[in-house]
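Close look at the chain arrangement
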Amino acid sequence: MRVSFEDGDKFYDSVEEIIELVKPQDEALEMRITGDDRFPCLAVCINRDVASVSYLESEFGMMYVACPKGTLEEPSDDEWLSDINAVISIEDLKISIREFADTNAKPANVDWQEL
């Protein structure tokens with residue numbers, strides 16, 4: 001799997017090597033996780049003990065933001081606002097990364113808000 005950081009791409013032989021990077025951070029850690037191709041991908045920002053996670057289907061395709069299961073609220077008008085719950089725990093992130101590595105699809109352990 002490929003993980004893109006600010007300073008370039010790194011390739012990992014196993015998902016568990018990527019999971020080792022997933023831990024609480026004092027400073028934000030941003031990464032983009034893909035398979036052999038650039039898309040689909042998980043765009044991740046870990047800050048302290050939570051993560052903001054987006055799923056991008058393709059370069060010009062749909063984009064979704066992860067929310068903990070059962071917390072997603074329907075928008076109340078035509079203006080899009082990010083859900084207040086649009087961060088997930090480090091443990092949920094680890095589960096999401098493992099599932100994404102297996103399927104290249106949106107992980108089912110969290111809810112997804114379409115952007």
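In this text, all values refer to a predicted model and were calculated from it rather than measured experimentally.

1. Considerations on the overall build of the protein chain
Of regular secondary structure, the protein chain possesses two helices and eight strands. In the protein chain, the succession of α and β elements from N to C terminus is β-β-α-β-β-β-β-β-α-β. Across the 115 residues of the protein chain, 37% fall into the buried class. In the protein chain, the share of contacts with a sequence separation of at least 24, taken over all contacts with a separation of at least 6, comes to 49%. For the protein chain, the exposed area adds up to about 6,900 Å²; of that, 47% sits on carbon and sulfur atoms.

2. Describing the pattern of salt bridges
The tally for this structure, following the rule as stated, stands at five salt bridges. Aspartate 111 serves as the salt-bridge partner of lysine 69, at 3.5 Å between the closest nitrogen and oxygen. In this pair, lysine 69 is assigned in the loop between β6 (63–68) and β7 (88–89) and aspartate 111 in strand β8 (residues 110–114), connecting sequence segments 42 residues apart.

3. A short note on the packing of aromatic side chains
Considering all chains together, one arrives at three aromatic pairs under this definition. Seen in terms of ring centroids, tyrosine 55 and tyrosine 64 are 6.4 Å apart; in terms of plane orientation they differ by 45°. Their pairing is tilted. Taken individually, tyrosine 55 and tyrosine 64 each receive the classification buried, so the pair is uniform in this respect. Three or more aromatic residues joined by ring pairs form one cluster here, namely Tyr55, Tyr64, Phe100 and Trp112. Its guanidinium or amino end placed over the ring of phenylalanine 39, arginine 32 lies 4.6 Å from that ring's centre, counting from NZ or CZ. Sitting over the face of the ring of tyrosine 64, lysine 106 holds its NZ or CZ atom 3.8 Å from the ring centroid.

Calculation notes
- Residues numbered from 1 in each chain as written.
- Predicted model: local features only at pLDDT ≥ 70, side-chain atom pairs only at ≥ 80, totals over all residues.
- Heavy atoms only, no water.
- Helix = DSSP H or I, 4+ residues; strand = E, 2+ residues; numbered from the N terminus.
- Buried < 20%, exposed > 50% of the residue type's maximum accessible area, 1.4 Å probe, protein only.
- Contact = heavy atoms within 4.5 Å.
- Areas by Shrake-Rupley, 256 points an atom, 1.4 Å probe, with all protein chains shown as cover.
- Salt bridge = Lys/Arg side-chain N within 4 Å of Asp/Glu carboxyl O.
- Phe/Tyr/Trp six-rings, centres within 6.5 Å; stacked < 30°, edge-to-face > 60°.
- Lys NZ or Arg CZ within 6 Å of the ring centre and 35° of its normal.

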